[in-house]
Every structure is written in structure tokens, then in C-alpha cells.
Amino acid sequence: MAELAHLTGSPGGSPARPPAHRRLLTALLLVALLLPAALVQIPTAGTAHAQPSGSRSVNVSVDYLNPSVPSGGDDLTVSGKVTNKTDAKITDPHVSLRLSGPLTSRSEVTQATERTGWLSDYDGTEIDGPGTEELKTLAPGMSRDFSITIPVNRLPLDAPGVYQLAVSLSGTSAAAGYEQVLGIEHTFLPWQPDDLSTKTRLTFVWPVIATPQLTARTEPDEQQTQTPVLASDRLLEQMEPGGRLQQMVALGEELPVTWVIDPDLLATASAMTEAYNVVDEDGETVPGKGQDTARQWLADLRNAVKGREVVALPFGDPDLAAIAHRGRKVSGTLDQLGDATTLARTTVESELHLEPETDLAWPAEGAIDKRIVGVAGAAGAQWILARSDSMTESGLSYTPTAARPIGGGRKALVADAQLSRAFEGDMSRAETYSLAIQEYLAQTLVTTLQQPNLQRSIVVAPQRTPTLGQVQAMAEALGGLDTSTWMTPLNLSSAAVEPADPGANRAVPSTGAYPKKLRKQEIPRAAFERILDTRQHLDNFSVILDNSLRVTVPFGNALLREMSTQWRGRKTEAEAFRREVQGYLEDLTSQVQLIDKSDLTLSGNSGTIPVTVQNNLLQNVRGLELRLTSDVPSRLRIEEERQSIEVAGGHSTSVKFEASARASGPVTITAQLYTADGRPFGAKKTFQVEVTSITSTVLLVIGAGILLLVLAGVRMYSQRKRAARTAETGEEADGNRDEDGNGHGGGGTGGAGSPEDSADPGSDGDTGEADKEAHGTHHTGGDRADDTDTESGARSGASERVER
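Residues numbered from 1 in each chain as written. Predicted model: local features only at pLDDT ≥ 70, side-chain atom pairs only at ≥ 80, totals over all residues. Heavy atoms only, no water.

## Topic: the confidence of the model for the protein chain
Okay, so step 1: On average, residues of the protein chain score 83 in pLDDT, and 81% of them are at 70 or above.
Okay, so step 2: This model gives residues 1-54 a pLDDT under 50, and the stretch forms 23 contacts once residues within four places in sequence are excluded.
Okay, so step 3: Low confidence marks residues 731-804, where pLDDT is under 50. Its contacts with residues over four positions away, or in another chain, come to 57 contacts. (pLDDT = per-residue confidence, 0-100. Contact = heavy atoms within 4.5 Å.)

## As for the sheet that holds strand β27 (residues 651-661)
Hydrogen bonds along the backbone pair up the strands of a sheet, which may run parallel or antiparallel.
Okay, so step 1: Strand order in the open sheet formed by four strands is β21-β23-β27-β25, and the pairing between neighbours is antiparallel. Pairing within the sheet leaves two strands with one partner each, and these edge strands are β21 (592-594) and β25 (636-638). Across the sheet, the axes of successive neighbouring strands diverge by a mean angle of 35 degrees, strand direction being ignored. (Pairing = 2+ DSSP bridges. Helix = DSSP H or I, 4+ residues; strand = E, 2+ residues; numbered from the N terminus. Axes fitted to C-alpha atoms, helices over the stretch in contact; angles between N-to-C directions.)

## Section: the pattern of salt bridges
Okay, so step 1: Counted according to the given criterion, the structure contains 27 salt bridges.
Okay, so step 2: A salt bridge links E580 to R217; its shortest N-O distance comes to 3.0 Å. Residue E580 is located in helix α19 (residues 571-589), and its partner R217 is located in strand β9 (residues 214-220); the two are separated by 363 residues in the primary sequence.
Okay, so step 3: Looking at R217, the relative accessible area reads 23%, which means it is partly exposed.
Okay, so step 4: R326 serves as the salt-bridge partner of E522, at 2.8 Å between the closest nitrogen and oxygen. A residue pair is termed long-range when its members are at least 10 positions apart, and E522 in the loop between α16 (516-520) and α17 (525-542) and R326 in helix α9 (residues 320-327) qualify at 196 residues. (Salt bridge = Lys/Arg side-chain N within 4 Å of Asp/Glu carboxyl O. Buried < 20%, exposed > 50% of the residue type's maximum accessible area, 1.4 Å probe, protein only.)

## Here we look at α19
Okay, so step 1: Taking 1.5 Å per residue as the helical rise, α19 with its 19 residues ought to reach 27 Å, and the 27 Å between its terminal C-alpha atoms agrees with that figure.
Okay, so step 2: Those residues of α19 not exposed but buried are A574, F577, R578, V581, Q582, Y584, L585, L588 and T589. The arc enclosing the buried residues of α19, seen along the axis, measures out at 155 degrees, which places them on a common side. Exposed positions of α19 whose direction lies more than 90 degrees from the buried face are K571 and T572.
Okay, so step 3: If you follow the buried residues of α19, they end up packed against β9, α17, α18 (549-561), β21 and β29 (680-692). (Expected span 1.5 Å × (residues − 1). Arc of directions from axis to C-beta.)

## Overview of the pairing of strand β17 (residues 403-407)
Okay, so step 1: Bridging between β17 and strand β18 (residues 410-415) involves four bridges; their strand directions are antiparallel. Looking at β18, one finds that P405 is bridged to K411.
Okay, so step 2: Turn length for the β17-β18 hairpin, with the two strands adjacent in sequence and antiparallel, is two residues, and the turn residue G408 shows positive phi of about 70 degrees.

Quick look at the structure:
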């Protein structure tokens, strides 16, 4: 280059045109310098495999790989679809298998899954012959299916282990003009032809759980039988042939799994075997039609779990993390958690006819902290199903045994996070479905090969409510492991007593380490407070019922459902469920009530006040006390303010209270029902009583009238006696006169002018006045007596007035 610089100048420093041969030499030198770089950028058809490419111009999907775990002598079939995503035609396309490996760590398996482009150093070379299929030209947007079958002994499987199996499409794009790898997909081929001397023990949790559907509401049918009500018909859809829950049972029966069941689902299915109602999309209650389906599902489940280990979660699958973080200090919450554990055992025993394990606590997504562990202990759990992304390892080059002590006599069963989350994708897509199965199998083999001579036990706890596609993918993966040479099944209770790895992490994370994303999904404290209010309301209501179990059982179970882990991510549904429970209880309580009473008038100094209690329930109520209070006792006093009552179902009763008036004027009366322990029940009722008291003047008039009546009676009696004596005297005189010969004339004269008669001059006139006075006095006295009888305090009269 120094020489070149010298040739371009003249001795005098002025520019000079070089001779032609020098110009030619300069050009040759420049070409020599630039040619290597140019050659690097010019591809040729024969060197396509040497060029790293991230191109995904063609989508390659591997939809089917069989067998998932091949052995010698098998034929491996790989099929799927390729799709041209470009606007250019692709000519001479062909699909080829590529095999590389074995992979030596779990991280390598993960990296291979995440890689989308082709890298020659990682993806290996095409397998010619039976490993390649020629396709026809791919027009823009066109898809073509492929299927390659190759004997396993034709694959370069040099040693046991996990191999990356890639399927690539190569061809010539009209845009590029040369052959290249245009698309590639990666999957895995586990290869372990011989049994390992030490197999890893695998515990797979098979969750039979669903979102709560059974409400607290019951409705009477034509026979007045209480019919349960479901919030929707989702469970029926899942229990029908081909549904999620039906497949959980049918597939799980053939798999080496530990059944983990929410007893609430069993109770709901049992309720569906008889008459039940469902709330439809319009909010109307209609008869349910799933009796036969529910009976069949329960029968199938009983057969599937016969002789198998069944772990019962606390009834309703309560959210332990939410209780620990938000509900722990709300009165009664921990007691309800204990009730849920007790109810779980009795429900499973009743419906499945076996004794379950109830020592397991399973927080949402296996995330734990110290508070969650404490709450789990309060529920009686000895094992806590955690996950390795919550209790992370450090310093270990292998996956340790799941069981480990964490203090307080409890053990954590730390499920493998990667294996537990292997089936969380959209398993309705064949490509995702197939890849998830192969990756799961690959991870289990690599896990075993980490320490092939060290006996270990791992646990897999998938999502609580897998979709139908996820259930089927899990079942197929477990079916592949069932015949594998590196894994052996183990139930959960046996896994819990496995010797702990001395190097495994045993430290429970602090409360502050709990994932924020999961914390946001928790049931709020206000929900626990509402549950408490409903519980107290239920306790207050149940004590008055003749048959309280008809109310306490459905409502008690509903309150446990309100704390379910299933409400995570369903805030609106959860709030609606809680409102429905509380609203229905208030509606039931209002069926026992005081009837509204109009204002009354009390005319007199005493009377009775009736108050009516109505019971619209189908059962009797008892133990209630009705209290009547006056706001002005000095004006109107209630003689006996409290009375115990009982009311038959569908009836009402009237309770009468004696009242005495002290002074005139308005008085406000309050009626309130109370339970036997003195707590108010229902709404109080108030009404006005107008007291019109009798004055002293009126009493004097009435007294004078009575006295006149008495005097008139005495006078009439005296007159009648006098008249009787006079008649006797006259008869004697007449007799004497007849004997003396004197007739009537003497009698008349003697009668009129006798001294005795003259002693009472004007007797005829006095008698007339007395008769007149007596007649007038009787009439007044009669009216006054009627008034007195009516208003003086006689019960019948006063009662009529008050009731009016």
C-alpha cells in the first residue's frame, strides 16, 4: 500500500496522471482487497446449510410424533404441515428430519424449545432417504401436509439421552433465487433403550376441581321439597361425554396418578342427581336436566378411584394465601377453614365410599410464605404442596427430592415448576399439544440422567382446572412415561415420607417475597368481612328455626365456597356469588316479620294492644320474644312488655299486650322481635296510640246517674209495698162492712177519708212523679251503664277499640 501511495503522486507534489499499466495495477490491488468480503455475501445453492438463518418465511408445524418414547425396532412417524407465509412462490421444497444431541441439561432443552431459527451448529444435517419428503411447489399462502416415517435404527442415536429433533423445509424462493432453509420447527426425542438401575420416582397430582356452582338458594317444588339451585349449567357440560370432567375421570382411571379432589364438586354432583334448578342466561330459574349425567359421572369416578389414593382438599378449595394475607384477622375465618377440613372427609367418605387423605394444603400455584404455612397448619395440614419457583434452589446441579421438612412438624412437597407448567399452553393446537408432550418427556429423562445413581422423588402439580386439551395432553405424556425406562410412579403420601435431600432448600420465603401478581388476584379483606356478616346473620336466624339444618347446611357450605381459590381471576363472578348468598339469607329472614300496624286510639284507662307476627317459611319458628315498649310510660304503660312466641310455618299469630293509660295524648309504641340470646331479629315496627283518658267530671256524672237509679229503685219498691198494705186493709174493711150490712159505698168513702190515707196527701200525684222520675232515671242510667261497660276497662270492649 505504501508503494501504491507513492505511485499516485509526482516528485513535485503536484498531481500527475499515472501511466495505464499503473492504473491497471491499482485496480487489481483493490479487487484483491475487496473480493473476500464480496464472496462472503454471495450465497450458492450448495452452501445453504452453512448459513445461519432466522428466517421464518415458511411455518413448519409438527402435529404428530409417534411413538413419543421410541425403542429399537420401532418406526418413527413425524407428520405436520408447512405454510408459505410470503408473497413469493417457493420451488423444489422438501421437508427433512434433523437430529442433534444428546442434550446434557434441562436448560439446553429449554433453550432448544425457545429457538425459532435454523443454526447449523445446533440443528444438525438433513437425514436423507426416508428422512426427507419432496413436496410440490408452494404458492404464496399455500399449505401442504407432510408425513415422514423412518426406522428408528436409521437415526443417528449414538448414546442414551435427549435428542433435539428438527423438521426443516428447504427450497428456492423466487425472491432469493437460491435454495435455503426457509422454516424449521424443533421437538425432542427421548432415547433410553435400556432400563436404568435407579429410576426417578414420579408423583403426578390429578386435580378434580371445578368453579363453585351450587348456591345457597333452595326452592320448594310441588311436594314442598327444598330443591337446590345451581348458578349455571357449566358442570353438566363438563360431565357429559367428551367434557373436561368426564375426560378427567375416564383418562385418569388408566394412569398412575394421585387423585386430588375438591369435595364441593362431589357435593354438587350429588345434588344434581336429584331434582335441581339452574339459573339461565336471562336470570330465570329453570329445572335442571342433568340427573342421569351426574349419576353416571359419580359412578365412573367411584370406579376410577377404587383402590387408589385420594387426597381431599378442604371443602370448597379455600384460598390459603388470601386467608393468610387478608382474612386471617377477620373473626371466624380460621374456624371456617377447620370446618372445611372436617367437612371434606365426611363428604368424600359419603360420596366415594373411601377414606381420603386430608393432610394436604395446596396454595394457589404452589406459592408459599411463612404466613401461608401458618394458616395451613391451622387447617390441620401436615404437607404443603409448594412449587420450585417459590422455594428456589441454589448451588445444586440437579433436581432434588420434593419432600423436605420446613419446621413445626410440617413438610413441603416442592413440585417441579417446569414440569408442572408444561401443559399450560393452548393444547387445542396440534403443534403445541405435540411439542408439550415431547418436551415433558425430555425434561423427565434429563432430570434422571443428572444423577443416574441417586434415588430421587419428584412431584408434578399441574394447573388446578386444566382445559380439555390440557387434560388429554397430560394423559398422553403420562402414558408415555408409564412404559419408560427412567421413571416409576409413586403416590403422594409415599412421596411425603421420602428422605429429604440434605442440599435442598428448606427455607420458607418471607411474606414480602410472595409474588405481586398472585397477591393482586387474592380475595379482598372486604369479602372476608362480608362472609363474617353473613355468618353472624345466619347464626342469628338459625336459632329460631324448628329444623335449622335445612338452612345452616346450604348456607354454611356456600360461605366456604366464597373463599375458593377458583375465584382468582374471576372477581366479578366472585362478587356476584357473595351478593347472591347474602341477599338470599336476608330474603329468608324477612319471611318472619312483624305486620305493619296502623295508628290506634285507646278510649279509657286500660285496654289491649294486639301485634301480629307472620311466618312465611315452610317450617315453624320458635324461641322468639316479642317486646313492646312505650316511649312515654308515664302516659301509657305496657303491663307485660315481653312475650315468647311460636309461629307455625305458613301462618301468623297475634299477640296481645295489656296497656294502662295514665294521661291523655299521643304515645309511640315500638315492637321488636328478639332471639333467645337477646339479639334483635328483623326490622322493628312503630305505630301511634292516641290515649283519650276519662275526666273526673264525667266520672261524677256517671256516679250521680247510678245513685239516681238506686234511689228510684228504692222508691218504687216502697210504693209497691205501701200499695200492697193498702189493698189488704181495704179487703178487711169490706169484709167488716159486709158483715155489718154496709156495701161498697161505705168502702169508697172510708177509703178516701181514712186517717191513714190522709197522712199521705197527694199520694197519687207523688206516685206519678216517682214513676216519671224512675222512668227517666233508668233511661239515662242505661245509657251510662253501657258507656261505662264499654269504656271502663272491660277487655272485650277495650280490645275492639284498640284493634280499630
